[in-house]
Amino acid sequence: MDYFSVHSQKKKPYVVDPYRLMYFRGGMYLFGFVEAYQQIRTFAVERIEEIVQLTDTFEKPADFSVKTYLESSFGLVKEDPFDVEILFKADVASYARARAWHPSQKVRDIGNGEIVMSLHVGGEFELGAWILSFGPSATVLSPDRLRRRIEADLKRMLASYRKEVTVVPPVTKVRKP
């Protein structure tokens, strides 16, 4: 199949043994084994530009499960898990505490209605987007790498809001009868 990779911003060819299709947060995803990389990869169906059925056969491992494959991920991106601590301020603490965001989460009260949530997860991009969704009510305490990444994202966001943006509507010509 030909697939547009967001990471490289290029169309790439893949030979994939398809294991499972899954709907997740508004999109369809294909999980499949890619022999060239000797690993399972996740593909967003809307970025598959061309697909050809081959005559080759394969056997999906009987024990493959998306749930098990993604158990340490904070979403669909499979990465090595790392330890994270996030401070939630009082205005969102009860909401953050009430949900099961990930099986590894642990929550501790630190006073004044605030909590610290600890996670052992992979999927830094998805985790960062989730943290940013809490606005100023969530702060990464560790790891420093994630804290700096979010800080850089916030600086880029602020810069984009400080620019004057003008959207000019398209000009349409009106013919007189």
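Remember, predicted model here, so these are calculated numbers, not experimental data.

S.K.: Teacher, can you tell me more about the packing of helix 3 (residues 124-132) against helix 4 (residues 144-162) here?
M.R.: The packing of two helices is summarised by the inter-axis angle and the distance between the axes. Between helix 3 and helix 4, the shortest axis-to-axis distance is 11 Å and the interhelical angle comes to 60°. When the interaxial angle is binned, helix 3 and helix 4 end up oblique. The chirality of how helix 3 crosses helix 4 is right-handed. Contact with helix 3, carried on its side by E124, F125, L127, G128, I131 and L132, involves R145, L146, R149, I150, D153 and L154 of helix 4 and no other residues of that element. For the contact of helix 3 with helix 4, a count of residues per class yields seven nonpolar, one polar and four charged.

S.K.: How do you make sense of the sheet that holds strand 3 (residues 16-24) when you look at a structure like this?
M.R.: An order of 3-4-5 is seen for the three strands of this open sheet, with the pairing classed as antiparallel. Every other strand in the sheet has two partners, leaving strand 3 and strand 5 (39-44) as the edge strands with one partner each. Averaged over all pairs of adjacent strands, the angle between their axes in this sheet comes to 25°, without regard to strand direction. Here strand 3 pairs with strand 4 (residues 27-34) via eight bridges, running antiparallel. Directly across from L21, in strand 4, lies its bridge partner L30.

S.K.: Any chance you could explain helix 4 here in plain terms?
M.R.: In an α-helix, one full turn covers 3.6 residues, which means residues spaced three or four apart are oriented alike. A rise of 1.5 Å per residue sets the reference length of helix 4, with its 19 residues, at 27 Å; its end C-alpha atoms lie 27 Å apart and thus fit the reference within 8%. Taken together, the buried positions of helix 4 are occupied by L146, I150 and D153. The arc enclosing the buried residues of helix 4, seen along the axis, measures out at 55°, which places them on a common side. Of the exposed residues in helix 4, the ones pointing more than 90 degrees away from its buried face are K155 and R162.

S.K.: Can you help me understand the packing of aromatic side chains in this one?
M.R.: Each aromatic ring pair is described using two quantities: the centre-to-centre distance and the angle formed by the ring planes. Under the counting rule described, the total for this entry stands at 16 aromatic pairs. On the basis of an interplanar angle of 70° and a centroid distance of 5.7 Å, the ring pair of Y95 and W101 is categorised as edge-to-face. Judged by its relative accessible area of 39%, Y95 is partly exposed. Look at Y95 and F134: their rings are 6.1 Å apart centre to centre, the planes differ by 50°, and that puts the pair in the tilted class.

So, how was this worked out
Residues numbered from 1 in each chain as written. Predicted model: local features only at pLDDT ≥ 70, side-chain atom pairs only at ≥ 80, totals over all residues. Heavy atoms only, no water. Axes fitted to C-alpha atoms, helices over the stretch in contact; angles between N-to-C directions. Helix = DSSP H or I, 4+ residues; strand = E, 2+ residues; numbered from the N terminus. Parallel < 35°, antiparallel > 145°, perpendicular 65-115°, else oblique. Left-handed = near helix turned anticlockwise from the far one by under 90°. Contact = heavy atoms within 4.5 Å. Nonpolar A, V, L, I, M, F, W, Y, C, P; charged D, E, K, R; others polar. Pairing = 2+ DSSP bridges. Expected span 1.5 Å × (residues − 1). Buried < 20%, exposed > 50% of the residue type's maximum accessible area, 1.4 Å probe, protein only. Arc of directions from axis to C-beta. Phe/Tyr/Trp six-rings, centres within 6.5 Å; stacked < 30°, edge-to-face > 60°.

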